[in-house]
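# Tertiary structure, described
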Amino acid sequence: MVIRVGTYNVRSMYDDNAALARVIRAMAPDVLCVQEAPRLLRWRSRRAELARASGLRVVAGRRWGGVAVLAAPSTRVIHAEGHLLRPFMGLERRGVAIAVVECEDTRITVASVHLDLVAAARLCHAIEIMNLVESAAERFGAPIVLAGDVNEQPGGAAFRYFARRLADCYPLAPRGDGLTFTARAPGKRLDMVFAAPGLSVRSCGGVDAPAADLEAATDHLPVVAELLAS
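Residues numbered from 1 in each chain as written. Predicted model: local features only at pLDDT ≥ 70, side-chain atom pairs only at ≥ 80, totals over all residues. Heavy atoms only, no water.

Here we come to a nonpolar patch on the surface. Together, Y14, L40, L41 and W64 make up a nonpolar patch on the protein surface, roughly 510 Å² of accessible area in all. Among the structural elements, L41 can be located in the loop between β2 (31-35) and α2 (43-53). (Patch = residues over 30% accessible without salt bridge, like charges linked within 9 Å, V, L, I, M, F, W, Y side chains within 5 Å. Areas by Shrake-Rupley, 256 points an atom, 1.4 Å probe, with all protein chains shown as cover. Salt bridge = Lys/Arg side-chain N within 4 Å of Asp/Glu carboxyl O. Helix = DSSP H or I, 4+ residues; strand = E, 2+ residues; numbered from the N terminus.)

Here it is in structure tokens:
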């Protein structure tokens, strides 16, 4: 069975939330990794509102760190956990949200990540994230899919660290030009999906949604990968 795993930086839902929900529905994800999920006033209810409007439900993610995993009603959740990562003085607190999910007979370990703007913190957190995700994947016998806003383009140190362990899905079966930032004038590929060996990539890239909605929803473009157990 094909599993659709998406990633989307929603900029704390500061923009057009109706457009945001329409874009997520167009993504039609079985699992969605969210970055910059609301963290302040009414953070739980605002995340839940977005999930409901998008036809999904929140299954993993803590308040701080701003990452979450959402899942479709048909996606079975086996396990969920969230972790804060090592703090760096003066930098935003980062986290990882992990969910082990099952779609029919295919089980995967999904991690939503949002790395820092500072290169040293990005690499440190990439290593910490992989240790946490690999532990969950081993416990549940479910290959890893890691998705999120990496805040660097291919070739950066954190990207290379992930790519030595997981496959960068986009170049394996590209859909569109892959550029995700900014939504109004895409010039960088910052938002990515990585998948473990044992998962084949049928497609990876942008979403067929109205340009007006993509520009109004948030400052990043979404990415969806269609994955198939080998």
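That covers the picture; the talk isn't over yet.
What follows deals with the sheet that holds strand β6 (residues 95-103). Taken in spatial order, the six strands make up an open sheet running β5-β6-β7-β8-β11-β9, and their pairing is mixed. The open sheet terminates on both sides in strands that have one partner only, identified here as β5 (76-84) and β9 (167-168). Where strand β8 (residues 144-149) lies against strand β11 (residues 191-195), five bridges are found, and the strand directions are antiparallel. Considered in β11, the bridge of D149 is made with D191. Each of β5, β6, β7 (106-114) and β8 touches helix α3 (residues 119-140); the most contacted strand, β5, lies at about 155 degrees to it. (Pairing = 2+ DSSP bridges. Contact = heavy atoms within 4.5 Å. Axes fitted to C-alpha atoms, helices over the stretch in contact; angles between N-to-C directions.)

Let us look at the pattern of salt bridges. Considering all chains together, one arrives at 14 salt bridges under this definition. For R42, the salt bridge is made with E49, and the minimal N-O distance between the two is 2.4 Å. On the basis of relative accessible area, R42 is assigned to the partly exposed category, the value being 43%. For R76, the salt bridge goes to E102, with nearest N and O atoms at 2.9 Å. You can see R76 sitting in strand β5 and its partner E102 sitting in strand β6, a full 26 residues away along the chain. Relative accessible area serves as the criterion here: at 16%, E102 is assigned to the buried category. (Buried < 20%, exposed > 50% of the residue type's maximum accessible area, 1.4 Å probe, protein only.)

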